[in-house]
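Listed here are the chains, written in short residue letters.
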Amino acid sequence: TFYLPDFEQLRIPQWAARGEYYFGDAHAELVWIPVPSYDNIGKPGAEFYPVPAGVPVLGEVKPSNSLGNTNWGGRLSTLVGGWDVSGFYYRSMDVSQTFFRLGSGASSVFEPRHLRINQAGGTVAKDMGSFVLKGEVVHTRGRQFGSLDPNASFGLVAQNTLDYVVGVDIPAFRDGRVNLQYFARRYQDYDPNIGLSRVEDGASILLNSKLSGNWEAEALFVSSVQRTDFMFRPKVIWSASRNWRVAFGIDSFGGQSSGLFGFYDKRDRGYAEARWSF
C-alpha cells in the first residue's frame, strides 16, 4: 500500500501487553507484542509492489508465532526545561520485508522474509508559542539491503542505519496548519553496492485549511534531496456528517526511477473515497 492510505488506516492493529509507571514528570513504559503483524505489500505485480513487475518472487515467509519471534521494548520520557524528551529501545521482527535472492543469474528468484532488528533512539518536542518543534532519531541494527554485488550472500549486505527527522507544526489559514519536515537516513559501514548514497535525505511540506461549510483542503509534497524525485498529493475532504467522510484527490509521482517516489512514476492516479466510521 506504499504511503498512500491515511495514517490511521495504514497502521495495522496489534495485540500487546503494556505496563506504565509515573513518577514526578517522568513516565516509564514497557510493551510486549506476542503475535506481531507485518506490512501488507500486496502480491507481485500489484500497483505499488516494491519489486518491478516481471521479476520472479516467491511467497512471503512470515516468522512463526513462537516466543523467540515476539517483539518487546521500553520507553522513558520526562520534561526537561519545557522540553518533552524520551528515549526508547525496541527489539522486534522487522515489519518490512527483506527480499532474499535465491539462485543466480537468469534462474534467480526473490523471497520476502523478515529479519530480527534492534532499534534505539529518542524524541524531543517543545511548544515554542507560535509553532511546535519536534525531532526524532533512531539507530537500527540488523537490517540488510539489496546489493549490486553478484557475489553477495542472498544478494544482500548488512547495513546499520541512523534515521533522523526534525519538523515544525505551525497553525495557519482557517483552523489549518503548515507542517515542515526534514528527514534523512545515514548508512553506517557504507557499502556503495546498495545503489544509494551514504546519506539519503528529503523534505516535505503539508498544507491544511478549512474551506466553507464542512469542506477542507490538504496538499502534501515530499521530495528527495539526493535525487530529483517527488510525491504530490492534493485533496479536498467533505465531512458529510459525524460518521461520513468523503475525499477527492490526486496522487502524483515523478523523478528518477532509482528514487523512492520516482520508482512509481507511471502510477499517478485520481481517486474518490467514502468512509463511514463507527
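Refer to the structure presented above.
Notes on the structure follow. (Residues numbered from 1 in each chain as written. Predicted model: local features only at pLDDT ≥ 70, side-chain atom pairs only at ≥ 80, totals over all residues. Heavy atoms only, no water.)

A separate point is the overall build of the protein chain. For the protein chain, the helix and strand inventory stands at one helix and 17 strands. In summary, the protein chain has a C-alpha radius of gyration of 21 Å against a globular reference of 19 Å for 278 residues, a match within 12%. Each of the three principal axes of the protein chain carries a C-alpha extent, and together these read 60 × 50 × 40 Å. Looking at the protein chain residue by residue over its 278 residues, the buried ones come to 33%. By element, 58% of the accessible surface of the protein chain is carried by carbon and sulfur atoms, the whole surface being about 16,300 Å². Charge-centre separation for the protein chain: the mean point of 28 positive side chains lies 3 Å from the mean point of 28 negative side chains. (Helix = DSSP H or I, 4+ residues; strand = E, 2+ residues; numbered from the N terminus. Rg over C-alpha atoms; globule rule 2.2 N^0.38 Å. Buried < 20%, exposed > 50% of the residue type's maximum accessible area, 1.4 Å probe, protein only. Areas by Shrake-Rupley, 256 points an atom, 1.4 Å probe, with all protein chains shown as cover. Lys, Arg positive; Asp, Glu negative; His and termini not counted. Charge placed at Lys NZ, Arg CZ, Asp CG, Glu CD.)

Okay, the pattern of salt bridges next. Tallied over the entire structure, the rule returns 15 salt bridges. For Glu-20, the salt bridge goes to Arg-18, with nearest N and O atoms at 3.6 Å. Of the residues examined, Glu-20 reaches a relative accessible area of 39% and is grouped as partly exposed. Residue Arg-233 pairs with Asp-251 through a salt bridge whose shortest N-O separation is 2.6 Å. Highlighted residues: Arg-233 in strand E15 (residues 230–238) and Asp-251 in strand E16 (residues 244–254), separated in sequence by 18 residues. The exposure classification of Arg-233 matches that of Asp-251, with both residues buried. A network of salt bridges, in which partner residues are shared, links Arg-18, Glu-20, Glu-29 and Arg-75. (Salt bridge = Lys/Arg side-chain N within 4 Å of Asp/Glu carboxyl O.)

By volume, the second largest pocket amounts to about 170 Å³. What lines the second largest pocket is a set of 13 residues, among which Glu-47, Pro-52, Ala-53, Phe-263 and Arg-267 lie closest to the centre. Residue composition of the lining of the second largest pocket, by class: seven nonpolar, two polar and four charged. (1 Å grid on protein atoms, 1.4 Å probe; cavity = no way out; pocket = protein on both sides within 12 Å on 5 of 7 lines; lining within 4 Å. Points joined across faces, edges and corners; volume = space filled by probe spheres on them. Nonpolar A, V, L, I, M, F, W, Y, C, P; charged D, E, K, R; others polar.)

Right, let's talk about the environment of Pro-192 for a bit. When you line up the elements, Pro-192 lands in the loop between strand E12 (176–187) and strand E13 (199–210). Looking at Pro-192, the relative accessible area reads 54%, which means it is exposed. When the C-alpha positions of Pro-192 and Asp-149 are compared, they lie 9.6 Å apart, and in sequence the two are 43 residues distant.

In terms of nonpolar packing, the biggest core is built from seven residues, these being Leu-4, Phe-48, Val-222, Met-231, Phe-253, Phe-261 and Tyr-264. In contact with Val-222, other than residues within four places in its own chain, are Phe-183, Ala-203, Ser-204, Asp-229, Phe-230, Met-231 and Phe-261. By size, the runner-up hydrophobic cluster in this structure holds five residues, among which are Ile-41, Tyr-49, Val-51 and Val-57. (Core = buried A, V, L, I, M, F, W, Y, C linked by side-chain atoms within 4.5 Å. Contact = heavy atoms within 4.5 Å.)

Attention now moves to the side chain of Glu-200. Residue placement: Glu-200 occurs in strand E13. Judged by relative accessible area, which is 15%, Glu-200 ranks as buried. Within the structure, the side chain of Glu-200 is placed 2.6 Å from the side chain of Arg-227, a separation counted as a polar contact. Once residues lying within four places of it in the same chain are set aside, the contact partners of Glu-200 are Phe-183, Ala-184, Arg-185, Tyr-187, Gln-226 and Arg-227. (Polar contact = N/O pair within 3.5 Å; in protein donor to acceptor, adjacent residues only side chain to side chain.)

Moving on: the environment of Lys-210. You can see Lys-210 is positioned in strand E13. What Lys-210 contacts, discounting residues up to four positions off in sequence, is Arg-174, Asp-175, Trp-215 and Glu-216.

The next point concerns unusual backbone geometry. Phi is positive for Phe-154, close to 60 degrees, though the residue is something other than glycine. In this structure, Asp-189 is a non-glycine residue whose phi angle is positive, near 50 degrees. With respect to the helices and strands, the residue Asp-189 is situated in the loop between E12 and E13.

What follows is about the packing of aromatic side chains. Taken as a whole and assessed by the stated rule, the structure comprises 14 aromatic pairs. Residues Phe-145 and Tyr-187 carry aromatic rings whose centres are separated by 5.3 Å and whose planes lie at 85 degrees to one another, so their mutual orientation is edge-to-face. With Phe-145 in strand E9 (residues 144–146) and Tyr-187 in strand E12, this residue pair connects regions lying 42 residues apart in the sequence. Overall, Tyr-187 belongs to the buried group, its relative accessible area being 4%. (Phe/Tyr/Trp six-rings, centres within 6.5 Å; stacked < 30°, edge-to-face > 60°.)

This part takes up the side chain of Gln-159. Counting through the fold element by element, Gln-159 comes out in the loop between strand E10 (156–158) and strand E11 (161–172). Assessed through its relative accessible area of 2%, Gln-159 is described here as buried. At 2.8 Å, the side chain of Gln-159 forms a polar contact with the backbone oxygen of Asp-189. Apart from residues lying up to four places away in sequence, Gln-159 is in contact with Arg-143, Phe-145, Tyr-187, Gln-188, Asp-189, Tyr-190, Asp-191 and Ile-194.

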